[in-house]
Amino acid sequence: MIGFILVTHAGVGAQMVHAVEEIIKEKIGIPLIEVNSDQPTSIYHEEIRLAIESLGEKSGVLILTDLFGATPSNLCRAFCKPGKIELLSGCNLPMLLKAATSKLSGNVSEAAKFLKDYGNENIRICPS
Amino acid sequence: MQNIECQKEMTIKNRLGLHARAAAQLVKTANRFTSEVKISKDRVTANGKSIMGVLTLAAAMGSTIRIQCQGPDATEAMSALEKLIDAKFHED
C-alpha cells in the first residue's frame, strides 16, 4: 500500500485535514507537517524524515504538498527517490479526500499520476 | 449468484442537500454492499460509491435523484439508501 504524508504552509494542512475528517467522520491517519517560515528549516527536515519513517513498510510513499517551489515542497524534494518516495504538489481537497479514502497500492509513480489527474478532474467551472 | 436490478426516484429532503458530509454517508452506505450503485440527476450519472462522484450531482434540497442498484444485494442496498435519504441523513 502507498503511504502518504502532507506537508504544507502553516495553517493550511490542518484545515484541509479537519475538513476531510468532518466529511468522512473518521481520522485520516496521514501525518501532517506544517512549515512555519519563522522556524529554521532543519527542524522540518527532521520532522519529515520521522513522518516518512513512521509509515513503516510501504510499497511507496507519496508526499503531498500545497505549492510547488515553495519551502514545504522544496524541503520534501530532498527525500524523493524515484519509484519509492515521490512528491505531488498542488494538493487540493478532492486529492486529500481520495488519498484518505482509497487504499492505493502498487507503484508510487502511478499513484501520483492517478491523484494528480483526480485533482485536475475535480476542478470545475460552474456553469460549465 | 443472483443479479438483481432495481431503481427508484427520490427527492432530497434535507436542507443542505447532497453536500459533502451527506455524500460521504451515502457512499459509506453504498460501500456496505457488493452491488453497483449509480446515482443520477438530470443527465449526470455518478458512481454511488465515490464521494466526489456524488458531489458532482450538486443535488440541492428538493431535487430528484434516481438511484440504480445492480448486483446480488441490490434490494438491500436500495432499502438502506432509501432509509438514509428519508432520514434526511440524520441532519435537520
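The structure we're discussing is the one just above.
Attention here is on the structure that accompanies the text. If you're wondering where the values come from, they're calculated on a predicted model, not measured in any experiment. (Residues numbered from 1 in each chain as written. Chains lettered and ligands numbered in written order. Predicted model: local features only at pLDDT ≥ 70, side-chain atom pairs only at ≥ 80, totals over all residues.)

A few words on the interface of chain A and chain B. Contacts between chain A and chain B engage seven residues on the former and five residues on the latter. Where the side of chain A that touches chain B is concerned, the elements lending two or more residues are α1 (12-24) and α4 (93-101) of chain A. (Contact = placed C-beta atoms within 7 Å. Helix = DSSP H or I, 4+ residues; strand = E, 2+ residues; numbered from the N terminus.)

Next up on the list: the pairing of strand β1 (residues 2-9) of chain A. All names here are of chain A. In terms of burial, β1 is largely enclosed, as seven of its eight residues are buried. Across six bridges, β1 lies against strand β3 (residues 60-65) in parallel orientation. Among the inter-strand pairings, L6 is bridged to a residue of β3, identified as L64. Pairing of β1 with strand β2 (residues 32-35), which is carried by four bridges, proceeds in the parallel orientation. By the bridge assignment for β2, H9 is matched with V35. Running through α1, the crossover from β1 to the neighbouring parallel element β2 is right-handed. (Buried ≥ 20, exposed ≤ 12 C-beta atoms within 10 Å, placed from the backbone. Pairing = 2+ DSSP bridges. Right-handed = clockwise from strand over helix to strand, strands pointing away.)

Residues and elements named next belong to chain B. Overall, antiparallel pairing links the four strands, which are arranged β1-β4-β2-β3 in an open sheet. Edge strands, defined here as strands with exactly one partner in the open sheet, are β1 (4-11) and β3 (44-47). Ignoring which end each strand starts from, the neighbouring axes of this sheet average 20° apart. In this sheet, β3 lies alongside strand β2 (residues 36-41) in antiparallel orientation, the contact comprising four bridges. Across the sheet, residue I39 finds its bridge partner in β3, namely A46. Contacting β1, β2 and β4 (64-71), helix α3 (residues 74-86) crosses the sheet at an angle of about 10° to β1. (Axes fitted to C-alpha atoms, helices over the stretch in contact; angles between N-to-C directions.)

Moving on, we get to the sheet that holds β2(A). Residues and elements named next belong to chain A. Reading across from one edge, β2-β1-β3-β4 is the order of the four strands in this open sheet, with parallel pairing throughout. The two strands at the open ends of the sheet, each matched to only one other strand, are β2 and β4 (85-88). Across the sheet, the mean angle from the axis of one strand to that of its neighbour is 20°, orientation sign disregarded. Taken strand by strand, helix α2 (residues 41-54) contacts β1, β2, β3 and β4, and its axis lies near 170° from that of β2.

This part is about the nonpolar core. In summary, soluble globular proteins display a tendency toward joint burial of nonpolar side chains. With 58 residues, the main nonpolar core has A:V7, A:L62, A:L64, B:A23 and B:V54 as its most contacted residues. With six residues, helix α1 (residues 20-30) of chain B is the single largest residue contributor to this core. Sequence-distant contacts of A:L64, defined by excluding residues within four places in its chain, comprise A:F4, A:L6, A:L88, A:C91, A:M95, A:L96 and A:A99. (Core = buried A, V, L, I, M, F, W, Y, C linked by C-beta atoms within 7 Å.)

Let us look at unusual backbone geometry. The peptide bond linking A:C126 to A:P127 adopts the cis configuration, its omega dihedral lying at -5°. Residue placement: A:P127 occurs in the segment after α5 (108-121). Positive phi outside glycine occurs at B:D42, with the angle close to 50°. Summarising the element assignment, B:D42 is placed in the loop between β2 and β3. The class for B:D42 is exposed, based on 12 C-beta atoms found within 10 Å.

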